[in-house]
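# Breakdown of the fold
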Amino acid sequence: MRGKAMETVKASSDQSKRGIKIALFILGEAIILLAVFLFMKLQDTGLAMAWFHNPAGETAVFGTTLLMLLVTGLFPDFLHAFVYCVKNPEELTAVQVKKSLLSVRLAMLTAIIADLLVLIYCFVAMINSITAYSDRLGEVLPYSLAALGGNAIYGLIVTLILLPVYARLKAQMISM
């Protein structure tokens, strides 16, 4: 009996380590992408893609999502969701899948809501810059629209990354 409990603890520890590795891999990809955008912005301000980088918008979307997961206590389940996607449904319990499904859904909804709030803020800032620099509208408008469009991407990126995870967990839940 004791041996089985030790195996369960060890398996749980291995799952946590795999979930953390996957989360760090995704975080590393995001940091590399942000570094490329920042490099493009510093090298030549004429590059249109570099204007899509907005650290304040990224922080608002990603930070709010992370904060919501931490406050609700679902962050470990969120990390486990990536591991549960590749496991066989026989190895999982319904409670594990439900909590991971809830954490992924919460992350997607939080990212979309935070993205909408950032878009509203950027739209107001764009209108303000248009009215302040109405004599140079041709110069100000493209950059304002690029920043507005770039901010719309962050919440969608989070949702598009998490949507396959959500679908896989939902399929596993149905098969249980």
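By convention here, each chain's residues receive numbers from 1 onward along its written sequence. Local features in a predicted model are, by the rule used here, given only for residues with pLDDT of at least 70; side-chain atom pairs are given and counted only at 80 or more, and totals for whole chains, interfaces and linings are based on all residues. Side-chain numbers here rest on the full set of heavy atoms in the structure, without hydrogens or water.

## Topic: the overall build of the protein
The criterion, for reference: Helix and strand assignments follow DSSP, with helices taken as H or I runs no shorter than four residues and strands as E runs no shorter than two, numbered in order from the N terminus. The buried label applies to any residue whose accessible area, calculated with a 1.4 Å probe on protein chains only, is under 20% of its type's maximum; exposed applies above 50%, and partly exposed to all values in between. Every residue pair with non-hydrogen atoms within 4.5 Å of one another is taken to be in contact.
Helix and strand counts for the protein stand at five helices and zero strands. Across the protein, helices and strands are ordered from the amino to the carboxyl terminus as α-α-α-α-α. Each of the 176 residues in the protein was classed as buried or not, and the buried ones make up 31%. Looking at the protein alone, contacts between residues at least 24 apart form 79% of all its contacts between residues at least 6 apart.

## Notes on the packing of helix 2 (residues 55–72) against helix 4 (residues 94–132)
Put simply, the rule is: Here an angle of 0 to 180 degrees is reported between the N-to-C directions of two axes, which are lines fitted to C-alpha atoms, with helices fitted over the stretch in contact. Each helix crossing is assigned a hand: it is left-handed if the near helix lies turned anticlockwise from the far helix by less than a right angle, otherwise right-handed if that turn is clockwise. Gly falls in the polar group here, along with every residue not listed as nonpolar (Ala, Val, Leu, Ile, Met, Phe, Trp, Tyr, Cys, Pro) or charged (Asp, Glu, Lys, Arg).
At a closest axis distance of 9 Å, the pairing of helix 2 and helix 4 adopts a crossing angle of 145°. Once helix 2 is placed against helix 4, the crossing between them reads as right-handed. For the pair formed by helix 2 and helix 4, the contact residues are Gly-57, Ala-60, Val-61, Thr-64, Thr-65, Met-68, Leu-69 and Thr-72 on the first element and Ser-103, Leu-106, Ala-107, Thr-110, Ala-111, Ala-114, Asp-115 and Val-118 on the second. Of the residues assigned to the contact of helix 2 with helix 4, the class counts are nine nonpolar, six polar and one charged.

## Here we look at the pattern of salt bridges
This is how it is decided: Just to be clear on terms, a salt bridge is a Lys or Arg side-chain nitrogen sitting within 4 Å of an Asp or Glu carboxyl oxygen.
What the rule picks out here adds up to one salt bridge. With a closest N to O distance of 3.8 Å, Asp-77 and Lys-99 form a salt bridge. Here Asp-77, found in helix 3 (residues 75–84), pairs with Lys-99, found in helix 4; they are 22 residues apart in sequence, far enough to count as distant. Judged by relative accessible area, Asp-77 falls into the buried class, the value being 12%. Residue Lys-99 is classed as partly exposed on the basis of its relative accessible area, which comes to 40%.

## Concerning the environment of Leu-116
Along the polypeptide, Leu-116 turns up in helix 4. A relative accessible area of 49% means that Leu-116 is categorised as partly exposed. Through-space distance from the C-alpha of Leu-116 to that of Asn-151 is 9.1 Å; in sequence the pair is 35 residues apart.

## Re the nonpolar core
We count it as follows: Grouping buried Ala, Val, Leu, Ile, Met, Phe, Trp, Tyr and Cys residues that are joined through side-chain atoms within 4.5 Å yields what is termed a nonpolar core.
Of all hydrophobic cores here, the largest spans 27 residues; its most connected members are Val-61, Phe-78, Val-104, Leu-162, Val-165 and Leu-169. At the level of secondary structure, the elements contributing two or more residues to this core comprise helix 2, helix 3, helix 4 and helix 5 (137–175). It is helix 4 that provides the largest number of residues to this core, a total of 10 residues. In contact with Leu-169, other than residues within four places in its own chain, are Ala-81, Tyr-84, Cys-85, Val-97, Ser-100, Leu-101 and Val-104.

## Quick look at the environment of Lys-99
On a C-alpha basis, the gap between Lys-99 and His-80 in space is 9.5 Å, while along the polypeptide they are 19 residues apart. Ignoring anything within four residues of it in the chain, the contact list for Lys-99 reads Leu-74 and Asp-77.

## Examining the packing of helix 3 against helix 4
Basically, it comes down to this: Any angle that falls under 35 degrees is termed roughly parallel, while one over 145 is termed roughly antiparallel, one within 65 to 115 roughly perpendicular, and all others oblique.
Where helix 3 contacts helix 4, the two axes come as close as 8 Å, and the packing angle between them is 110°. Comparing their axes, helix 4 and helix 3 come out roughly perpendicular. Considering the relative orientation of helix 3 and helix 4, their crossing is left-handed. Residues Asp-77, Phe-78, His-80, Ala-81 and Tyr-84 of helix 3 lie in contact with helix 4, whose contacting residues are Gln-96, Lys-99, Ser-100, Ser-103, Val-104 and Ala-107. The residue makeup of the contact of helix 3 with helix 4, split by class, is five nonpolar, four polar and two charged.

## Overview of the side chain of Thr-159
Defined as follows: By the criterion applied in these results, polar contacts are pairs of N or O atoms within 3.5 Å in which, for protein atoms, one can donate a hydrogen and the other can accept it, and in which residues neighboring in sequence qualify only through two side-chain atoms.
For Thr-159, the position within the fold is in helix 5. There is a polar contact of 2.9 Å between the side chain of Thr-159 and the backbone oxygen of Gly-155. Not counting residues up to four positions away in its chain, the partners in contact with Thr-159 are Met-108 and Ile-112.

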